[in-house]
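Okay, here's what each chain looks like letter by letter:
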Amino acid sequence: MMLTRFTIALMVCWLIALGSVAAADETATQAQFKQVQLKQARKNAAWRTRRIIWNNDGADEGPGPGGTAEGYIAARNRQVVQTQVDSVFYCTGTTFTFCHLNDVAETFLDVPDDIGSDMALGWRDNMRALKEAGTDTLSLTIDFCRRNELEVFYSMRMNDIHDSFTSWLLPQWKRDHPDYCFGNPEDLAKYDQSDPRRFWSFQNYEIPEVRERIYRIIEDVCQRYDIDGIELDWSRHPIFFAPAMDRKPAEPRQVEIMNGFVRRIRKMTDRVGRERGRPVLVACHVPNGVDAALEIGLDVETWLENDLVDIMIGGWGYIPLAMAPQVREMAEFAHRFHVPYYACINASQRSWSSSMEAWRGAATNIWDAGADGVSLFNLFPTQPDERLNQIGSYDTLKGLDKTYGVDRVIPDQFIGCLRP
């Protein structure tokens, strides 16, 4: 039987359609396979060895030798080479003003001549010098870590309030949008040091524009820089919704807002990971307690159940001497979801931070409680520091003198921006 031209054309269209469906199915299968591969790569990377995570707050950009690549590396970074530090978490500034180059947020390049602060001018001038040399501190940190086989994360302070009491840190963003903050500059003198309301420049995460700006800053770093991961540092500082300013728990709808925000970040990091063929890990620094985190709107259980984060870091580190029970609870909780957990020690606890024995005791508590490593904050050695070769392993702590302390916590004397 002779086929008409119409029949032939119909068969051709049918075959093309079948081929398109098959191609679409193959593309979907490949995408699904890549997603599975990415997830497995994330899990593998999440469980790499991190004896010590060293957080550098970026202040080595300031006055001093930071205006050259060599001077910047020598200021702090060089001290962690050939120690038990396996990961560097680098913060480039406050929540909205940074010393890394970007197209989204303000930088210290914007500091005016009449700022009235030598520190601010030093940061600006050093950033200008590095930019003229074709680099910035984040790029230098990444290059340094790659050369020394160190993991490197970008650390983002999720609600930094140093600009509450340091006027030259106050970004134009907050000046233009005072209604996005929980207070005003007069609150600094109006309220006591232990009152959260004193720290007026907290950003309100209920406002979509606030979440959007923070998301875009994080996205820009992930797309622009060759980092291994990002740290969402919820501990600097832990107020995100209005109830916390009065020491009341976050509302369920506010918790859901934050869940959606973290979910969006995970979706973005997976997209960037697929594009570059290597995962971008998400670490979260939260309180040492699931209920304590939920009080301020951080639903860590949902985050872990839904595979939204890869690494958990716990505790502000300001009261680390007797924290073993909380560390044990959080380590066991994270491990139920096959996520590693690290506990924080903060060198800002001046009353004991000069005692080497107390550092060893706090670190021993961390390891004894089942954590996967030690996270350090505000420890910035300018010379070789023996702590970096001791506290990153239970074995290297054995046989060394230790002091085990009891944390002295008086609520009315605890700093307001951390009190919730």
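The preceding data block contains the structure.
In this report, we go over the structure that sits alongside the text. (Residues numbered from 1 in each chain as written. Predicted model: local features only at pLDDT ≥ 70, side-chain atom pairs only at ≥ 80, totals over all residues. Heavy atoms only, no water.)

We now examine the overall build of the protein. Scanning the protein from terminus to terminus reveals 13 helices and ten strands. Dimensions of the protein, computed from C-alpha atoms along their principal axes, come out at roughly 100 × 55 × 50 Å. Counting over 420 residues, the protein shows a buried share of 56%. Residue pairs in contact within the protein that sit at least 24 positions apart in sequence constitute 79% of those at least 6 positions apart. Looking at charge distribution, the protein has the averaged site of its 46 positive side-chain charges lying 3 Å from that of its 59 negative ones. (Helix = DSSP H or I, 4+ residues; strand = E, 2+ residues; numbered from the N terminus. Buried < 20%, exposed > 50% of the residue type's maximum accessible area, 1.4 Å probe, protein only. Contact = heavy atoms within 4.5 Å. Lys, Arg positive; Asp, Glu negative; His and termini not counted. Charge placed at Lys NZ, Arg CZ, Asp CG, Glu CD.)

Inspection of every chain in the model, using the stated rule, returns 34 salt bridges. A salt bridge links D163 to K174, with the nearest nitrogen and oxygen atoms 2.9 Å apart. A residue pair is termed long-range when its members are at least 10 positions apart, and D163 in the loop between β5 (151-157) and α5 (172-176) and K174 in helix α5 qualify at eleven residues. Across this residue pair, the class does not change: D163 and K174 are buried. With a shortest N-O distance of 3.8 Å, D226 and R276 are connected by a salt bridge. Taken together, the positions of D226 in the loop between α7 (208-224) and β6 (229-233) and R276 in helix α8 (residues 252-276) put the pair 50 residues apart, joining distant regions of the chain. (Salt bridge = Lys/Arg side-chain N within 4 Å of Asp/Glu carboxyl O.)

Moving on, we come to the pairing of strand β1 (residues 52-56). Regular strands have side chains that alternate between both faces of the sheet. Most of β1 sits out of view: five of its five residues are buried. When β1 meets strand β2 (residues 85-90), the two strands line up parallel, connected through five bridges. Residue pairing across strands places I53 opposite S87, the latter belonging to β2. (Pairing = 2+ DSSP bridges.)

Among the structural elements, P112 can be located in the loop between β4 (106-107) and α3 (118-132). On the basis of relative accessibility, which here comes to 38%, the residue P112 falls in the partly exposed class. Sequence separation between P112 and R124 is twelve residues; the distance between their C-alpha atoms is 8.8 Å. Residues contacting P112, with those up to four places away along its chain left out, are L121 and R124.

Let's shift gears to the layout of surface pockets. Here the largest pocket defines a volume of roughly 950 Å³. Residue lining of the largest pocket: 44 residues in total, with Y318, S348, N378, I415 and L418 positioned closest to the centre. Residue classes in the lining of the largest pocket are distributed as 24 nonpolar, 13 polar and seven charged. Considered as a void within the structure, the second largest pocket measures approximately 430 Å³ in volume. Its residues assigned to classes, the lining of the second largest pocket shows 15 nonpolar, four polar and two charged. (1 Å grid on protein atoms, 1.4 Å probe; cavity = no way out; pocket = protein on both sides within 12 Å on 5 of 7 lines; lining within 4 Å. Points joined across faces, edges and corners; volume = space filled by probe spheres on them. Nonpolar A, V, L, I, M, F, W, Y, C, P; charged D, E, K, R; others polar.)

Another aspect to go through is the nonpolar core. One recurring pattern in soluble globular proteins is that nonpolar side chains are buried together. Among the nonpolar cores identified, the biggest contains 99 residues, and M158, I218, W234, W303, I345 and L376 are the most heavily contacted of them. Core analysis: the next-biggest nonpolar cluster, separate from the first, contains eleven residues, I161, F199, I239 and Y318 among them. (Core = buried A, V, L, I, M, F, W, Y, C linked by side-chain atoms within 4.5 Å.)

Going from R236 to H237, the amide bond is cis rather than trans, its omega being 5°. Along the polypeptide, H237 turns up in the loop between β6 and α8. Phi at E149 takes a positive value of approximately 55°, unusual for a residue other than glycine. Residue position: E149 is located in the loop between α4 (137-147) and β5. By relative accessible area, E149 is classed as exposed at 71%.

With that settled, the discussion passes to the state of the cysteines. All told, the structure shown has zero disulfides when counted by the stated rule. In this structure C344 is not part of a disulfide, and its nearest cysteine sulfur, from C91, lies 13 Å away. In this structure C344 comes out as buried when scored by relative accessible area, which is 1%. Here C417 is not disulfide-linked; the sulfur of C344 is the nearest cysteine sulfur, at 14 Å. (Disulfide = S-S within 2.5 Å.)

Turning to the packing of aromatic side chains, a few remarks are in order. Summed over all chains, the structure comprises 15 aromatic pairs. When the ring of Y72 is compared with that of Y90, the centres are 6.3 Å apart and the planes differ by 70°; the resulting orientation is edge-to-face. One end of the pair, Y72, is in helix α2 (residues 69-75); the other, Y90, is in strand β2, and 18 residues separate them in sequence. With respect to burial, Y72 and Y90 carry one shared label: buried. An angle of 50° between the planes, with centres 5.6 Å apart, marks the rings of W173 and Y180 as tilted. Y180 matches W173 in its accessibility class, with the two residues each being buried. (Phe/Tyr/Trp six-rings, centres within 6.5 Å; stacked < 30°, edge-to-face > 60°.)

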